[in-house]
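Results of the structural survey
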Amino acid sequence: RCSVVRGLGDVYKRQVKWKKVASSGYQVQYSTSSSMKKAKNTYTNKKTLSKKISSLKKGKKYYFRVRAYKTYKDASGKSRTRYGSWSSKKAITVK
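Let me sum up the structure you'll find in this document.

Aromatic rings considered in pairs are described by the distance between their centres and by the relative angle of their planes. All chains considered together, the criterion is met by 4 aromatic pairs. Between tyrosine 30 and phenylalanine 64, the ring centres sit 5.7 Å apart and the planes meet at 25 degrees, which makes this aromatic pair stacked. Remark: phenylalanine 64 occurs in strand E6 (residues 61–73) and tyrosine 30 occurs in strand E3 (residues 25–31); sequence separation between them is 34 residues. For the pair shown, tyrosine 30 and phenylalanine 64 are each scored as buried. A centroid spacing of 5.9 Å and a plane angle of 50 degrees characterise the contact between tyrosine 69 and tyrosine 83, whose relative ring orientation is tilted. With tyrosine 69 in strand E6 and tyrosine 83 in strand E7 (residues 79–83), this residue pair connects regions lying 14 residues apart in the sequence. An aromatic cluster of at least three residues, connected via ring pairs, comprises Tyr43, Tyr69 and Tyr83.

The phi angle at methionine 36 is positive, at roughly 65 degrees, despite the residue not being glycine. You can see methionine 36 is positioned in the loop between E3 and strand E4 (40–45). Assessed through its relative accessible area of 8%, methionine 36 is described here as buried.

The subject of this paragraph is the pattern of salt bridges. Using the criterion set out here, one finds 1 salt bridge in the structure. A salt bridge links arginine 80 to aspartate 74; its shortest N-O distance comes to 2.9 Å. Under the relative-accessibility criterion, arginine 80 is labelled partly exposed at 38%.

A few words on the nonpolar core. Proteins that are soluble and globular tend to have nonpolar side chains buried together. Ranked by size, the top nonpolar core spans 13 residues in total, and within it Trp18, Val28, Tyr30, Leu56, Tyr62 and Phe64 carry the most contacts. Contributions of two or more residues to this core are made by strand E2 (15–18), E3 and E6. Among the elements that line this core, the one with the most residues is E6, at 4 residues. Residue contacts for valine 28: discarding those within four places in its chain leaves Val16, Trp18, Lys40, Asn41, Thr42, Lys51, Phe64, Arg65 and Val66.

Attention now goes to the pairing of E7. Pairing of E6 with E7, which is carried by 5 bridges, proceeds in the antiparallel orientation. For tyrosine 69, the partnering residue across the bridge sits in E7 and is tyrosine 83. The antiparallel pairing of E6 with E7 creates a hairpin that spans 5 residues between the two strands, and glycine 77 there sits at a positive phi of about 90 degrees.

What counts as what
Residues numbered from 1 in each chain as written. Predicted model: local features only at pLDDT ≥ 70, side-chain atom pairs only at ≥ 80, totals over all residues. Heavy atoms only, no water. Phe/Tyr/Trp six-rings, centres within 6.5 Å; stacked < 30°, edge-to-face > 60°. Helix = DSSP H or I, 4+ residues; strand = E, 2+ residues; numbered from the N terminus. Buried < 20%, exposed > 50% of the residue type's maximum accessible area, 1.4 Å probe, protein only. Salt bridge = Lys/Arg side-chain N within 4 Å of Asp/Glu carboxyl O. Core = buried A, V, L, I, M, F, W, Y, C linked by side-chain atoms within 4.5 Å. Contact = heavy atoms within 4.5 Å. Pairing = 2+ DSSP bridges.

Pasting the structure below:
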């Protein structure tokens, strides 16, 4: 399970950081709703432990969560993805 370390709401940084876990990559989800309705998703590779999201609007509060995923091939050779559980949400107000 991933855990969000911190979110930086500075108008120039607008990024979220998390701790490393064994994975193929990470899925970052963010929304202006604490229930994560209409959330947007972005993905990173396993080496990336932060994500800058430049589309965040100044003065708005956003909620972030992260989860790890692992890709593998099944018995028939098809590529599959298994997702971990979501981190707890972290609120960030863009300044």
